[in-house]
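Observations on chain architecture
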Amino acid sequence: SRRLLSSLARGAGRLAAPRSTRFAPIAFGAASSVEAFTRRERMSTSRVCDWMPAKSESAGVVEQRRGVKTESKEEMVFHKVADEMLHNLQDAVEAWGEDNAGDDFDLSHEMGVVTIAMGSGKGTYVINKQAPNRQIWVSSPVSGPLRYDYDPARKAWFYHRDGHLLHERLREELLGMFGGDLDLEGLNE
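Overview of the structure. (Residues numbered from 1 in each chain as written. Predicted model: local features only at pLDDT ≥ 70, side-chain atom pairs only at ≥ 80, totals over all residues. Heavy atoms only, no water.)

Within this structure, the stated rule accounts for three salt bridges. We note a salt bridge from Asp-151 to Arg-154, for which the minimum N-O separation is 2.7 Å. Classification of Asp-151 as buried rests on a relative accessible area of 17%. By relative accessible area, Arg-154 is classed as partly exposed at 45%. Across the pair Arg-169 and Asp-162 runs a salt bridge whose closest N-O atoms are separated by 4.0 Å. Taking the relative accessible area as the measure of exposure, Arg-169 reaches 22% and is therefore partly exposed. (Salt bridge = Lys/Arg side-chain N within 4 Å of Asp/Glu carboxyl O. Buried < 20%, exposed > 50% of the residue type's maximum accessible area, 1.4 Å probe, protein only.)

As structure tokens, then:
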């Protein structure tokens, strides 16, 4: 019975041992430990498909390796174009607001979100990029929520339901509130 108990204890120890301690000992040579390491590394890589078809290897495929996510080419282009537009919009509207909108006007740009507080009880615009959809979303106190897609041929953001352009709609609304001169053409040039 003592033999049976020691046999059971050894078996329980093997079952309770964590997986990492069950690798081959170093006495088997460096080749086997390197092989076990590379096998483990291959298993840690996964592929996550984005909105593009699966047959397209480079387009829309995001590779995750050890918790690090790399962006696809389309995502990088979207972020570049959206950030450029938001930055140029900030510069143009801020200069216009200082001259025309009054003391209550406030504009901030943080982490892909431009907030334009019109002051004087006229409301607030929130303009932000939506990376999963590759869109610019606008919350307007005048026209409500709108979602814009990018047209690389026109280098402009358009609303898919009626085709109007973001810079034209925003210009009309801002000038309707305070007047002045505001040029929003070429936000992505």
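Still to come is the rest of the account.
Moving on, we come to the pairing of strand S6 (residues 124–130). Sheet topology note: the strand S5 (residues 113–117)/S6 ladder contains five bridges and is antiparallel. Paired with Val-114 across the two strands is Ile-127, which belongs to S6. Bridge count between S6 and strand S7 (residues 135–140): five bridges; the pairing is antiparallel. By the bridge assignment for S7, Ile-127 is matched with Val-138. (Pairing = 2+ DSSP bridges. Helix = DSSP H or I, 4+ residues; strand = E, 2+ residues; numbered from the N terminus.)

Structurally, the α-helix is built with 3.6 residues per turn, so residues lying three or four positions apart point the same way. Between its terminal C-alpha atoms helix H4 (residues 166–178) stretches 19 Å, which fits the 18 Å expected from 13 residues at 1.5 Å a residue. Taken together, the buried positions of H4 are Leu-166, His-167, Leu-170, Glu-173, Leu-174, Leu-175 and Met-177. In the core, the buried residues of H4 are packed alongside helix H3 (73–100), S6, S7, strand S8 (144–151) and strand S9 (156–159). Note on H4: the residue one or two positions beyond its end, Gly-179, has a positive phi of about 75°. (Expected span 1.5 Å × (residues − 1). Contact = heavy atoms within 4.5 Å.)

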